[in-house]
Structures are given as structure tokens and as C-alpha cells.
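Close look at the chain arrangement
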Amino acid sequence: GAGVSQSPSNKVTEKGKDVELRCDPISGHTALYWYRQRLGQGLEFLIYFQGNSAPDKSGLPSDRFSAERTGESVSTLTIQRTQQEDSAVYLCASSDQVDNEQYFGPGTRLTVT
Amino acid sequence: AQSVTQLGSHVSVSEGALVLLRCNYSSSVPPYLFWYVQYPNQGLQLLLKYTTGATLVKGINGFEAEFKKSETSFHLTKPSAHMSDAAEYFCAVSDRNDYKLSFGAGTTVTVRA
């Protein structure tokens, strides 16, 4: 079946602009995660959605970052007033409630100029 | 929050030689442990995981890892490197009651012919 998909694959934006990144999880997966991977570093947790529960936003670095998820489907990560330090690869993952194994999408490479 | 340390950001091995990637975590309670691989321009793929039971875990592509509680380690090995093993490898952990993953900084493996 289809894996986790993300769009766009690449995004170049000017400093101060808003961007929206999209994640389509694997069908039936109740949990969805966003991570950020800066160049040469490991992944940083951003936010976690589980079913209809309130999301865990503990990893969001500032109030410029927000995310939404409609039910158990698509999620969007929005970054407002982008800064150069927001340049990174943003990865989305989803998992089911059976083994909680996280399946990752290919990521969106964001470059803020 | 969990802390994960991967010793060595780059490892170079000859084809056919042993691959050893080191991972240590900080936790007084044994967490769930994972190794992921990221091939160039691709998303993360789970190699193997430890949750409970046997401490020697076998994964895909001939990799295995051993959980050693006394050393708080989860080192990844492969007896004989193949050219296709060239990739970046990430160790990750999660608390047993929390599905968020904390990642190490990653180790890039190059394989010499």
C-alpha cells in the first residue's frame, strides 16, 4: 500500500513569508508525528497527534509554528514569518496502535533565503 | 527527555569488514530502542527495534543490535559490509509510556571497495 507522502518535496521561500507543509499518513494510522532535521543533526520532535486527543505540542520551537490534523487524515504544518534558522528538512511519520512503529515520509526540504 | 549519543559522525569501512555503530542513551528506566537508516534522498527506514524480551535483536539487511542495560547501550553491527550499506544511520529511543522519538545526531557510513 501507499506510504506516508509529503508535499512539496522542496520549498524555497523568502524570510518573513508563511509556508504550509502537508503530510498524508498511511491510511488507518491513528498517530501522526512531525520532526525537523537540520543539516548535520538528528531529528527533533515537533508535534504529535493521536486520534481525537489533544496534540502534544511540546516540541514546537516557537509560536510561529503550528500544525493541524483533520481526524485521522491529512496534517499541515504551518510556519509563519519564516526565519533562516527554519531551513531544514521537515519529516512526517505515522503509526498505528498495534506496534507503534513509525513510518516516515520522504520529507520536505525548506530553504529560507 | 531522553538523550541519545552516537559516537562518531562518520564511519568508513572496507567492503566485507565489520560495521559497528555505537549508541548510548540516558535513562534510568530501559526505554524502547530503535535504529533507522536513511539512504540518500530517501526517508527514514526502520532497521530494527527493541521493546522487550531478547536483548539481541535482528533486523533487515543483516543488521543486529544488542541492548545492554548495564552499559545503557544499543550498538548496531553487521558482520560484513556491503556497498549498499552506505547511508546515514540514526539511533532513537522513546520512553515506554511516550511514543515521541529522541534521535541521535546520526552516523554516516561509507563503504570502500
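The structure displayed is predicted, hence computed values, not measured ones.

Here we look at the nonpolar core
Core analysis: the largest hydrophobic core is formed by 27 residues, its most contacted members being B:L21, B:W35, B:L47, B:L48, B:F74, B:L76 and B:Y89. Elements supplying a minimum of two residues to this core: strand 2 (10–14), strand 3 (19–26), strand 4 (32–38), strand 5 (44–50), strand 7 (64–68), strand 8 (73–78), strand 9 (87–94) and strand 11 (107–112) of chain B. Residues contacting B:Y89, with those up to four places away along its chain left out, are B:Q6, B:L21, B:W35, B:Y36, B:V37, B:L47, B:F63, B:L76, B:G106, B:T107 and B:V109. Among the nonpolar cores identified, the runner-up in size contains 20 residues, and A:V4, A:L60, A:A88 and A:L110 belong to it.

Concerning the environment of B:A81
Residues and elements named next belong to chain B. Summarising the element assignment, A81 is placed in the loop between strand 8 and strand 9. It is 9.3 Å that separates the C-alpha atoms of A81 and R112, two residues lying 31 residues apart in sequence. With near-sequence residues (within four places) excluded, A81 lies in contact with V13, S14, E15, G16, A17, V19 and V111.

Re the confidence of the model for chain A
The predicted coordinates of low-pLDDT regions are not to be read in fine detail. Within chain A, residue pLDDT values average 92, and 96% of them lie at 70 or more. Within chain A, strand 7 (residues 75–79) of chain A carries the highest mean pLDDT (98), whereas strand 9 (residues 103–104) of chain A carries the lowest (92).

A word on the state of the cysteines
Counted by the stated rule, this structure contains two disulfides over all chains. A sulfur-sulfur distance of 1.8 Å marks the disulfide that ties A:C23 to A:C92. Classification of the bridge connecting A:C23 and A:C92 rests on its S-S torsion, roughly -65°, and on that basis the disulfide is left-handed. Placement of the pair is A:C23 in strand 3 (residues 19–24) and A:C92 in strand 8 (residues 88–95), with a sequence separation of 69 residues. Covalent S-S linkage joins B:C23 and B:C91, the inter-sulfur distance amounting to 1.9 Å. Its S-S torsion of approximately -65° makes the covalent link between B:C23 and B:C91 left-handed. Within this pair, whereas B:C23 is found in strand 3, its partner B:C91 is found in strand 9, the two being separated by 68 residues in sequence. Across this residue pair, the class does not change: B:C23 and B:C91 are buried.

Overview of the packing of aromatic side chains
A complete count under the given rule lists 13 aromatic pairs over all chains for this structure. For the pair A:Y35 and A:F45, a centre-to-centre distance of 6.1 Å together with 75° between the ring planes defines the contact as edge-to-face. Linking A:Y35 in strand 4 (residues 31–37) with A:F45 in strand 5 (residues 43–50), this pair joins segments that are 10 residues apart in sequence. Both residues of the pair, A:Y35 and A:F45, belong to the buried class. Through a chain of ring-to-ring contacts, the aromatic side chains of A:Y33, A:Y35, A:F45, A:Y48, A:F104, B:F34, B:Y36, B:F90 and B:F103 assemble into a single cluster.

Conventions we followed
- Residues numbered from 1 in each chain as written.
- Chains lettered and ligands numbered in written order.
- Predicted model: local features only at pLDDT ≥ 70, side-chain atom pairs only at ≥ 80, totals over all residues.
- Heavy atoms only, no water.
- Core = buried A, V, L, I, M, F, W, Y, C linked by side-chain atoms within 4.5 Å.
- Buried < 20%, exposed > 50% of the residue type's maximum accessible area, 1.4 Å probe, protein only.
- Helix = DSSP H or I, 4+ residues; strand = E, 2+ residues; numbered from the N terminus.
- Contact = heavy atoms within 4.5 Å.
- pLDDT = per-residue confidence, 0-100.
- Disulfide = S-S within 2.5 Å.
- Phe/Tyr/Trp six-rings, centres within 6.5 Å; stacked < 30°, edge-to-face > 60°.

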